[in-house]
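Summary of the model geometry
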Amino acid sequence: MSIPTIGVLALQGDVREHLAALAAADAAARPVRRPEELAGLDGLVLPGGESTTISKLAVLFGLMEPVREAIRDGLPVYGTCAGLIMLADKILDPSPGPWGPGETPSSGPETFGGIDMIVRRNAFGRQNESFEASVDVTGIEGGPVEGVFIRAPWVESVGAETRVLAEYDGHVVAVRQGNVMATSFHPELTGDHRVHELFVHTVRTGS
Ligand code: GLN
């Protein structure tokens, strides 16, 4: 494929910034709000925002199962921050109540899953609401990327199939399992499109 078509899950969060970053990385990018809009995609981006909201809206819009299925079928996916949370097979430290029907203090947002990892939500948030830091990412040449961390999660542990791509301050902040990758930080908020280029490369080549 020469120019891949990549969707951005457009339920909530920084959708526009991802659409722009993907366009700059030579992909045809379009928002996805309905299950039918998953058809024909070569890849999908899950934006940053608020994972509890994205999760609830995914259920409401009938996207939870179709996205899970697409991931299982091998669709390449890239998630940032809340998007990383949505790709976790398991979440720690869910938001404090009040909890809706069926939720309990120990249940985090329902996720799509796809990466064998345990993620701690808002892990960096308590000390620092928001900060920037240089992060070396495996597979990205030309020096570290500027990581923008906003109430960011970290990856507490990974399974045997999950590759760690970056750490910051002793914590895992970028991972990849097969064609599914995720970062705790937001490359879409910087002018540096190398992480999106890496994802577009994965979509194009399958590696
Ligand atoms: N703390 C948010 C959550 O739990 C993620 C923040 C972000 O995406 N910038 O979903």
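Residues numbered from 1 in each chain as written. Predicted model: local features only at pLDDT ≥ 70, side-chain atom pairs only at ≥ 80, totals over all residues. Heavy atoms only, no water.

1. Quick notes on the site of the ligand
Residues in close proximity to the ligand include Gly-48, Gly-49, Glu-50, Ser-51, Cys-81, Ala-82, Ile-85, Arg-121, Asn-122, Ile-150, Arg-151 and His-186, which together make up its full environment. For the ligand, an oxygen atom lies 2.5 Å from a polar atom in the backbone of Ser-51. A distance of 2.9 Å separates a nitrogen atom of the ligand from a polar atom in the side chain of His-186. Here the ligand occupies the second largest pocket. Considered class by class, the residues forming the shell around the ligand number four nonpolar, five polar and three charged. (Near = heavy atom within 4 Å. Polar contact = N/O pair within 3.5 Å; in protein donor to acceptor, adjacent residues only side chain to side chain. 1 Å grid on protein atoms, 1.4 Å probe; cavity = no way out; pocket = protein on both sides within 12 Å on 5 of 7 lines; lining within 4 Å. Sits in = over half its atoms within 2 Å of the grid points. Nonpolar A, V, L, I, M, F, W, Y, C, P; charged D, E, K, R; others polar.)

2. A word on the layout of surface pockets
Considered as a void within the structure, the second largest pocket measures approximately 160 Å³ in volume. Lining the second largest pocket are 15 residues; nearest its centre among them are Gly-49, Cys-81, Ile-150, Arg-151 and His-186. Grouping the amino acids of the lining of the second largest pocket by side-chain chemistry returns five nonpolar, six polar and four charged. (Points joined across faces, edges and corners; volume = space filled by probe spheres on them.)

3. Observations concerning the nonpolar core
General note: in soluble globular proteins, nonpolar side chains tend to be found buried as a group. Counting residues in hydrophobic clusters, the biggest one holds 33 residues, and the most contacted among them are Ile-6, Val-135, Val-137, Phe-149 and Phe-185. Counting residues per element, the ones that place at least two in this core are β1 (5-9), α1 (15-24), β7 (130-135), β8 (145-150), β10 (163-168), β11 (171-177) and α5 (194-205). Element by element, the count of residues in this core is highest for α5, at five residues. If sequence neighbours within four positions are ignored, Phe-185 has contacts with Thr-80, Cys-81, Val-135, Val-137, Val-145, Gly-147, Val-148, Phe-149, Val-173 and Ala-174. (Core = buried A, V, L, I, M, F, W, Y, C linked by side-chain atoms within 4.5 Å. Buried < 20%, exposed > 50% of the residue type's maximum accessible area, 1.4 Å probe, protein only. Helix = DSSP H or I, 4+ residues; strand = E, 2+ residues; numbered from the N terminus. Contact = heavy atoms within 4.5 Å.)

4. With respect to the pattern of salt bridges
Close approach of charged atoms allows side chains with opposite charge to pair. Per the counting criterion, the structure on display carries eight salt bridges. For Arg-34, the salt bridge identified is with Glu-37, shortest N-O distance 3.5 Å. Linked by salt bridges that have partners in common, Arg-34, Glu-36 and Glu-37 make up one network. (Salt bridge = Lys/Arg side-chain N within 4 Å of Asp/Glu carboxyl O.)

5. Overview of the packing of aromatic side chains
Following the criterion strictly, the structure yields nine aromatic pairs and no others. Judged by centre distance (6.1 Å) and plane angle (55°), the rings of Phe-124 and Tyr-168 are tilted. Of this pair, Phe-124 sits in the loop between β6 (115-120) and β7 while Tyr-168 sits in strand β10, and the two are 44 residues apart along the sequence. Members of the aromatic cluster, joined through ring pairs, are Phe-124, Phe-131, Phe-149, Trp-154, Tyr-168 and Phe-185. (Phe/Tyr/Trp six-rings, centres within 6.5 Å; stacked < 30°, edge-to-face > 60°.)

6. Looking at unusual backbone geometry
Located in the positive-phi region is Cys-81, a residue other than glycine, with phi close to 55°. The residue Cys-81 is located in the loop between β4 (77-80) and α4 (82-86) in this model. In this structure Cys-81 comes out as buried when scored by relative accessible area, which is 5%. In this structure, Arg-151 is a non-glycine residue whose phi angle is positive, near 40°. When you line up the elements, Arg-151 lands in the loop between β8 and β9 (154-158).

7. Quick word on the environment of Pro-76
For Pro-76, the location among the structural elements is in the loop between α3 (64-72) and β4. Owing to a relative accessible area of 9%, Pro-76 belongs among the buried residues under this scheme. Counting along the chain gives 102 residues from Pro-76 to Gly-178, while the straight-line C-alpha distance between them is 8.3 Å. Excluding residues that lie within four positions of it along the chain, Pro-76 makes contacts with Asp-42, Gly-43, Leu-44, Asn-179, Phe-199 and Val-203.

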